[in-house]
Amino acid sequence: MQALIINCSPVKTGATALIVSVISACLKQKYETRAICIADYAFQFCRGCRSCHSTAQCVQHDDVDKIMAEMDDSDIIVAVSPSYWADVPGQFKAFIDRCTPWCNTHEPHASLRPGKRGYAVALRTGPSMRECERIIQTIQHFFGHLEIETCASLGL
Ligand SMILES: Cc1cc2nc3c(=O)[nH]c(=O)nc-3n(C[C@H](O)[C@H](O)[C@H](O)COP(=O)(O)O)c2cc1C
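Keep in mind that this is a model prediction, so the values were computed, not measured.

To continue, consider the overall build of the protein. What the protein contains, in helices and strands, is five helices and five strands. What you see in the protein, going N to C, is helices and strands ordered as β-α-β-α-α-β-α-β-α-β. A compact globule built from 156 residues should have a C-alpha radius of gyration of about 15 Å, and the protein, at 15 Å, falls within 12% of that. Across its three principal directions, the C-alpha atoms of the protein cover 40 × 35 × 25 Å. Out of the 156 residues belonging to the protein, those deemed buried represent 45%. Relative to all contacts within the protein whose residues are 6 or more apart in sequence, the contacts with residues 24 or more apart total 78%. Summing over all exposed atoms, the protein offers an accessible surface of approximately 8300 Å²; the carbon and sulfur share of this is 53%. Mean positive and mean negative side-chain charge positions of the protein (15 and 16 charges, respectively) differ by 4 Å.

Structure (structure tokens):
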């Protein structure tokens, strides 16, 4: 079984990266584990053209395809996101928007291999868990429309 841990922060060596390394160390005991950072991929914003609603493909071809290939190769996907203004960082949101070809609200849509399990981890500086919940909901909403089964979440 393969596990993918996504650092959803644009900071490759920050607090999110630290949490990613802790989770990686745990998962490595049981799974083939790979960690990636959203900052290592170059991709454009979604243009909102909705071409993908009829073609199941994006008109743009960039590193989104590489991230999706990583996700497709994985059985377990852990998204670790910091709070930036009480939400996911813009880079991660831009990636989510670009996943519209895989969104199950329209036909045809692209699909990941079935049977994937998803875990959402949110971290922030402030003390209230409510803000973490909001980020977890964003990740779970994303997982849901890609038909990745949400298994658990953690707010830090
Ligand atoms: C642009 C920006 C906005 C932030 N907004 C919030 C916020 O709204 N609430 C909060 O608790 N922390 C906020 N933080 C703090 C981060 O969530 C926290 O420092 C986190 O550990 C950053 O992880 P990173 O360095 O891996 O990106 C913000 C940080 C940045 C850079």
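Still more ground to cover, so stick around.
Let's shift gears to the packing of aromatic side chains. What the rule picks out here adds up to five aromatic pairs. Ring plane angle 25° and centroid distance 6.3 Å describe the contact between F92 and F95, whose orientation is recorded as stacked. Linking F92 with F95, this pair stays in helix α4 (residues 90-98), spanning three residues, or about one helical turn. Assessed through its relative accessible area of 0%, F95 is described here as buried. Geometrically, the ring pair formed by F95 and F142 is edge-to-face, given 5.9 Å between the ring centres and 70° between the ring planes. In this pair, F95 is assigned in helix α4 and F142 in helix α5 (residues 129-145), connecting sequence segments 47 residues apart. With relative accessibility at 5%, the residue F142 sits in the buried group. Of the aromatic side chains, those joined through ring pairs into one cluster are F43, F92, F95, F142 and F143.

What follows is about a nonpolar patch on the surface. Judged by side-chain polarity, V11, Y84 and W85 come together as a nonpolar surface patch covering roughly 400 Å² of accessible area. With respect to the element layout, W85 can be found in the loop between β3 (76-82) and α4.

Another point: the site of the ligand. The environment of the ligand is formed by 15 residues, the closest being S9, T16, S83, R124 and E131. With respect to the ligand, the backbone of A15 contributes an N or O atom lying 3.4 Å from an oxygen atom. A distance of 2.9 Å is found between an oxygen atom of the ligand and a backbone nitrogen or oxygen belonging to A86. Protein contact buries 67% of the 640 Å² of open area that the ligand shows by itself. Across the shell around the ligand, the residue classes break down as seven nonpolar, six polar and two charged.

For the rest of this paragraph, the subject is helix α3 (residues 64-72). Buried within α3 are the following residues: V64, I67, M68, E70 and M71. Down the axis, α3 shows its buried residues gathered within 155° of arc, on one side only.

Thresholds applied
Residues numbered from 1 in each chain as written. Predicted model: local features only at pLDDT ≥ 70, side-chain atom pairs only at ≥ 80, totals over all residues. Heavy atoms only, no water. Helix = DSSP H or I, 4+ residues; strand = E, 2+ residues; numbered from the N terminus. Rg over C-alpha atoms; globule rule 2.2 N^0.38 Å. Buried < 20%, exposed > 50% of the residue type's maximum accessible area, 1.4 Å probe, protein only. Contact = heavy atoms within 4.5 Å. Areas by Shrake-Rupley, 256 points an atom, 1.4 Å probe, with all protein chains shown as cover. Lys, Arg positive; Asp, Glu negative; His and termini not counted. Charge placed at Lys NZ, Arg CZ, Asp CG, Glu CD. Phe/Tyr/Trp six-rings, centres within 6.5 Å; stacked < 30°, edge-to-face > 60°. Patch = residues over 30% accessible without salt bridge, like charges linked within 9 Å, V, L, I, M, F, W, Y side chains within 5 Å. Salt bridge = Lys/Arg side-chain N within 4 Å of Asp/Glu carboxyl O. Near = heavy atom within 4 Å. Polar contact = N/O pair within 3.5 Å; in protein donor to acceptor, adjacent residues only side chain to side chain. Nonpolar A, V, L, I, M, F, W, Y, C, P; charged D, E, K, R; others polar. Arc of directions from axis to C-beta.

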